[in-house]
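Each chain is listed here by its residues.
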There are 2 protein chains.
Amino acid sequence: MKEKRGHFTLPGEAGYEELTLRLAKTWGADVIRDSDGTKLSPEIAQAGYRIYSTICIIREHNEFAAAHPDAQQQCFLMSDPVTAEGPEVRISPLEGYFTEQFEINDRPEAMEYWEVWDRTAGVRVPREQWTWADGTVTVSGCAPYHRYTVSFLCWRIWEEINMYNHTTNHWTSEHLRQLDPRHPEAWKFLQEWLENWCAENPQTDVVRLTSLFYNFVWIFGADPRRRTRFTDWGSYDFTVSPVALKAFEAEYGYALTAEDFLQRGRLQATHRPPTPAKRDYMDFIQRFVAEKARTLVEIIHRHGKQAYVFYDDSWVGMEPYGKYFASIGFDGLIKCVFSGFECRLCAGAEVPVHELRFHPYLFPVGLGGLPTFMEGGHPEKDALDYWLHVRRALLRQCVDRIGLGGYLHLTQGFPAFVDTMTEITDQFHRIRGLHAQGAPAALPLRVAVVHTWGRLRSWTLSGHFHETDGNALIHINEALSGLPVEVEFLSHEEVRGGALKGFDLMICAGRAGDAWSGGDAWKDPELTAEVTRFVYEGGALIGVNEPGAVPGGDTFLALAPLLGVDVDDGRYACHGEWSFETEEAPFPVAAEALAEKPGVRLTAGDTRVWAAAGGVPQLTCRACGRGRAAYLSGFAYSPAAASMLLRLMMTLTGKTGEEAALADHPLAEAAWFPGSRTLAALNNGEAPLETEISYPGGKIRLALKPLEMRFVTME
Amino acid sequence: MKEKRGHFTLPGEAGYEELTLRLAKTWGADVIRDSDGTKLSPEIAQAGYRIYSTICIIREHNEFAAAHPDAQQQCFLMSDPVTAEGPEVRISPLEGYFTEQFEINDRPEAMEYWEVWDRTAGVRVPREQWTWADGTVTVSGCAPYHRYTVSFLCWRIWEEINMYNHTTNHWTSEHLRQLDPRHPEAWKFLQEWLENWCAENPQTDVVRLTSLFYNFVWIFGADPRRRTRFTDWGSYDFTVSPVALKAFEAEYGYALTAEDFLQRGRLQATHRPPTPAKRDYMDFIQRFVAEKARTLVEIIHRHGKQAYVFYDDSWVGMEPYGKYFASIGFDGLIKCVFSGFECRLCAGAEVPVHELRFHPYLFPVGLGGLPTFMEGGHPEKDALDYWLHVRRALLRQCVDRIGLGGYLHLTQGFPAFVDTMTEITDQFHRIRGLHAQGAPAALPLRVAVVHTWGRLRSWTLSGHFHETDGNALIHINEALSGLPVEVEFLSHEEVRGGALKGFDLMICAGRAGDAWSGGDAWKDPELTAEVTRFVYEGGALIGVNEPGAVPGGDTFLALAPLLGVDVDDGRYACHGEWSFETEEAPFPVAAEALAEKPGVRLTAGDTRVWAAAGGVPQLTCRACGRGRAAYLSGFAYSPAAASMLLRLMMTLTGKTGEEAALADHPLAEAAWFPGSRTLAALNNGEAPLETEISYPGGKIRLALKPLEMRFVTME
């Protein structure tokens, strides 16, 4: 019994068969899935729905792990520094780390990679100056009052998603371990296991891989006052092992060291520009992951099943915009979404089926740590809040499917959630239907978002919105996800090579030294010159926060000569400032979206200021040659901020907007579907509003209810 | 007729003889002086007072300057950058500069130092690629969309103090020019002129030099929206000339270039650590200034007069804490003061007589640009406000004389000012009398303020408080100026060499990369190790704002491992933070003195937080070895902040305070003069207060009126 609407994946739950089948009808599901922690009963599995079965391939093999402890995954850690008060220093490497997660690996092949550093002098201590015995590294011949650290390898003895669920959702089951597919016996075992699993689960239509092999990085600390020592959703640090390092060395002709990963204890966060060695290593891992994933997909296909991948958790090395993703052969990509940019990330990936897993997950506690499906939770509000972000992105580019995950029985106390999801699925089908009749109209405005990672990290930085919301760029991406413009993500190398050709506008948004601002990439004068050429020849530039900041130049922002704005890193000590009058901008300014950033100053007398706070410019515009450049001190996403960004982009590029639908109210948005001559109008605000919407060939005045999405089909 | 009290210098004014002599009596003057813009009449000069005559030696010789334009002072300037839209760029070097101040010097010996730079690439353009004709530099073979600048020498055709007075006080007299004593004919002329002047002014007792040769740097812009392009009260940029550069090259064996001064247009502000070449050049200029000044002082002495120097205006190269100052042989040092730190600067200099010139100057408009002796001005409030800062410093270390400057007639409409000055002179004599009977008691607490300049810039940074008040250190210095502790200023080299021996506490207060924080000095691991040793062996450390910040280390603040606090420059992306509870500090915290500084984070679990705002630590303390280290996110001077600093220093060093007088109210201060067994108690607040004051051997409870200074002599 397929429900008529379909395109919806419901998490079923054994023991709640009636509920499962009832909600499948209510929400029009065509697929039922299991989840991490739930099973499907035969009654559900045989009810005529397509079945997704969730597999985390490297987990749930504790028996094998116990028999092959050397097949477990590893990572490098750096001990906390110890100050030498005498000639000898003793260091317990794991002190300060969570010993339920880590276990020291002092096998000979691992010891080869251990290092001791004098961190005060920044030099490695010769191997003959330290010993390892009884859980302690003893360093001799220390320089007085220098600080010493030990870099070491350790096993990760608790799979991190399982660790998270124990910690957050009070699970008490056995701690799951994780296998490294680079270990030959483990890899053999995993393939056989998948073969058997496929054979034993004939009812499964789609194997839903969660995700592949290597989790993003979570390093826990011993002290609850600093439980999370490090979390990076794009880090490759959990892919390391002596075997991997040897294979890398054999292929690349140079050896990586602990320091390549640890970087004086800072690790190489995705927010920072990578070293050349890290770029090599990432490519090395991406090829390994793709190759092994391809083998798994082949097994699944051989059993007549499809392979969908969930792009979260153990995603490392399989980024959908990476060079090797398409080669894996996945049949579908499932992305959990809080935000619009995540929809665009999913929708734009090169894979047959794009599916969104909505939030909230049917768990007692949400990812932010607040209650959802428990006392004090308001899951219907959460769902609606995420939907407001998602729907505007879906209007720009749609996906094929939506769905939920978790414990279905938790919905029982929350009828409002059930109703809200019903409404959301209805709206999704409306949007999907419009796209089926042709793409929505867009302005002829091609936007290049330029940063270190370029296409690899299209739309996302390195995790969900709330993990990266200190970065202006994720707010920019979120705004762009629902705007009627074309968006691509370019690296500095691509820009240097002329990739801005054909674009109307470039955005650079980041903080000094980060991957988004660009860091040392801007030391290349030809990059600056190329962007200057782009603007002088008529292109538009938007710089946000500290765009293209790099010490050593004659300005702090490499883009300052275009923007007519710089940020004082101290170099302007004693330098007078241009005074200015704030002029009215040619569009409504969402002042609350802009930061009050000390040190911002005009460096050109012809820079126009459209917003300022405390005497410091926040939004400026300047003509350069035939182009225009705007500076924003910061950007915090809101519907009004998105509207401001669109109007700013149109002002800078001289676009008048008649090619697409535009609402004149900052809290309203619109999309025009020429194939069905249908206008989709959004009220993004919590109050009723009236807005005039122009669309190709007409204008209409609409009164929209709070948060309403209205569809109007024209004659 | 000498008035009985004396030690007061009154500015007399011809045409106001009665007023002059009346106020001389009222304020108990023993000296009458002229000022910039006023003369003394014979009636005043012969009234029995000692006479100071003000001379600005390099100014007021327009006739000579007209005949010898090449004897005028010079400087390097850098043109604003011009972007190459084609292969050729044309630059008018002076565009954007104030042409009443500057005139291009294109004589052959100057052209030798001109340079053209590609600022985008950071490379100098070969000489054969540019030409100079008709006021324009034409650069050929430009890289597309690179920016080009011209570095050039120019004459300074308007002495800057005169320019300031024209601009601010609406003077309309002839623009004065200034001579460079390095020009042989000018130097001969100046000596002869001084000889003649001394011979022609027999009534003058003291020649008051304002100051010597080279003004601090003021570079004016053409556009009133940025009239001041650069102002640095400690800069040496106005000492430059081809002759000086050649002499430097001959002596040091290497040549300085325009870029040594211009530094990509940033110039070398005193707030930034100097290059080695700048250090050499400063020593070169200091020796030149001292040598020439010695000759002038000898002329003055030969005429039976004394030579006092006013340490402001053309002070460059004669810093009172410089290596050569004492060798000049001045009889007195006169310092204009707004603040306590300026009193200490004057009082501690190696010279027979120390005199303060109080503010407000008797001018219509004050240095901050606000009205003083004109409608809307409240000069009595200004005077009292400065006095509140000055008196607490005078209680610690006294000077010999005080005085005023300017147009005496302006006081006529301001009787309250006359009364306030009478009260201030009374209080000064009380304080001076106490010091005459022996120094005040101090705590056995020796404080080393450590920064790039060390002793050379003791107490001051590079100007008055209001010119440098964005720097935490000037606030710290102001607080220290009135506290019962010993203070010295050390350079990093001195610390590295063991100079902290004998000190109880070290202070480092600055912003990343500035001369006060230390910049690259902290790349030397032995500096960090030495400070670590100092603390571990029992010393105390106070770090303020971004102390010892330097990129490239394993922490951003080199002192972070001691402080247990670091500042995130982006390196902590993805790193978890220590949560903390704010504990009650063992002294009253002046919360408004601390900054809300984003990015401050604990790096050690044992760092105690005594103040925080917005979840970010503001005041912390940590035990390290046998010592203690405290971090302050910022420090803004106020009486309560000074009290907090004293209590913090006592807490860190374990001093209990019985050796000196201490008030238990944060707005009260006290000094104990054992020689006369007199307690001086200050109410620094604008409300009455009661405080208990402990002093060696006793305690007393006092009720103090607003702003009162009370003297209590014990049995």
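Analysis parameters
Residues numbered from 1 in each chain as written. Chains lettered and ligands numbered in written order. Predicted model: local features only at pLDDT ≥ 70, side-chain atom pairs only at ≥ 80, totals over all residues. Heavy atoms only, no water. Helix = DSSP H or I, 4+ residues; strand = E, 2+ residues; numbered from the N terminus. Rg over C-alpha atoms; globule rule 2.2 N^0.38 Å. Buried < 20%, exposed > 50% of the residue type's maximum accessible area, 1.4 Å probe, protein only. Contact = heavy atoms within 4.5 Å. Areas by Shrake-Rupley, 256 points an atom, 1.4 Å probe, with all protein chains shown as cover. Lys, Arg positive; Asp, Glu negative; His and termini not counted. Charge placed at Lys NZ, Arg CZ, Asp CG, Glu CD. pLDDT = per-residue confidence, 0-100. Buried area = accessible area lost by both parts, 1.4 Å probe. Salt bridge = Lys/Arg side-chain N within 4 Å of Asp/Glu carboxyl O. Polar contact = N/O pair within 3.5 Å; in protein donor to acceptor, adjacent residues only side chain to side chain. Pairing = 2+ DSSP bridges. Axes fitted to C-alpha atoms, helices over the stretch in contact; angles between N-to-C directions. Parallel < 35°, antiparallel > 145°, perpendicular 65-115°, else oblique. Nonpolar A, V, L, I, M, F, W, Y, C, P; charged D, E, K, R; others polar.

Student: Can you walk me through the overall build of chain A in this structure?
Tutor: Assigned secondary structure in chain A consists of 19 helices and 34 strands. The C-alpha atoms of chain A give 27 Å as radius of gyration, which agrees with the globular expectation for 715 residues (27 Å, within 12%). Summarising its shape, the C-alpha atoms of chain A cover approximately 75 × 75 × 45 Å along the three principal directions. A total of 715 residues make up chain A; the buried ones form 64% of that total. Looking at chain A alone, contacts between residues at least 24 apart form 71% of all its contacts between residues at least 6 apart. Here chain A displays about 24,800 Å² of accessible surface, and carbon together with sulfur accounts for 50% of that area. Side-chain charges of chain A comprise 68 positive and 94 negative groups, with the mean position of each set lying 3 Å from the other.

Student: Is there a simple way to think about the confidence of the model for chain A in this case?
Tutor: When pLDDT is averaged across chain A, the result is 96; 99% of the residues are at 70 or more. Confidence estimates for the predicted assembly give a pTM of 0.96 and an ipTM of 0.95.

Student: What am I meant to see in the interface of chain A and chain B here?
Tutor: Interface size is often expressed as the accessible area that is lost when the parts come together. Contacts between the two partners involve 54 residues from chain A and, on the opposite side, 54 residues from chain B. Carbon and sulfur atoms make up 51% of the area that chain A and chain B hide from each other, which totals about 4,600 Å². Summed over the shared surface of chain A and chain B, the result is two salt bridges. For the salt bridge of B:R147 with A:D554, the shortest nitrogen-to-oxygen distance reads 2.9 Å. In this assembly, chain A and chain B are joined by 24 residue pairs in polar contact (both at pLDDT 80 or more).

Student: What exactly am I supposed to notice about the sheet that holds strand 18 (residues 353-358) of chain A here?
Tutor: Strand pairing in a sheet is mediated by backbone hydrogen bonds. Such pairs are either parallel or antiparallel. Residues and elements named next belong to chain A. Strands sit in the order 1-2-3-13-16-17-18-19 around a closed barrel of eight strands; the barrel is parallel. Taken over all neighbouring pairs, the strand axes of this sheet differ in orientation by 25° on average, direction set aside. As paired elements, strand 1 (residues 8-11) and strand 2 (residues 31-33) share three bridges and run parallel to each other. Paired with P11 across the bridge in strand 2 is R33. Strand contacts of helix 13 (residues 415-436): strand 1, strand 18 and strand 19 (401-403), with the helix running at about 175° to strand 19, the strand carrying the most contacts.

Student: What is the right way to look at the sheet that holds strand 13 (residues 206-210) of chain B in this model?
Tutor: All names here are of chain B. The eight strands lie next to each other as 1-2-3-13-16-17-18-19, forming a closed barrel whose pairing is parallel. Strand-to-strand twist in this sheet, taken as the mean axis angle between neighbours without regard to direction, amounts to 25°. Where helix 11 (residues 340-347) meets the sheet, it contacts strand 17 (332-337) and strand 18 (353-358), and its direction lies at approximately 175° from that of strand 17.

Student: I keep staring at the packing of helix 12 (residues 379-396) of chain B against helix 13 (residues 415-436) of chain B and nothing clicks. Help me out?
Tutor: To characterise two packed helices, one gives the angle between the axes of the helices and the distance between these axes. Residues and elements named next belong to chain B. Viewed as axis vectors pointing N to C, helix 12 and helix 13 meet at an angle of 5°, and their least axial separation amounts to 10 Å. The pairing of helix 12 with helix 13 is recorded here as roughly parallel in orientation. Only A416, F417, T420, M421, I424, Q427, F428, I431 and H435 of helix 13 make contact with helix 12, whose side of the interface consists of P379, E380, A383, L384, W387, R391, L394, L395 and R396. For the contact of helix 12 with helix 13, a count of residues per class yields 12 nonpolar, three polar and three charged.

Student: What is the right way to read the environment of A:A681 from this model?
Tutor: Residue and element names in this part refer to chain A. Along the chain, the position of A681 falls in strand 31 (residues 678-683). Between the alpha carbons of A681 and V125 there is a distance of 65 Å; along the sequence they are 556 residues apart. Discounting residues that sit within four places of it in the chain, A681 has contacts with E669, A670, I693, L702, L704, E708, M709 and R710.

Student: Can you walk me through the side chain of B:N62 in this structure?
Tutor: Residues and elements named next belong to chain B. Its place among the elements puts N62 in helix 3 (residues 62-67). Within the structure, the side chain of N62 is placed 2.9 Å from the side chain of E174, a separation counted as a polar contact. Not counting residues within four places of it along the chain, the set of residues in contact with N62 comprises E174, H175, L176 and R177.

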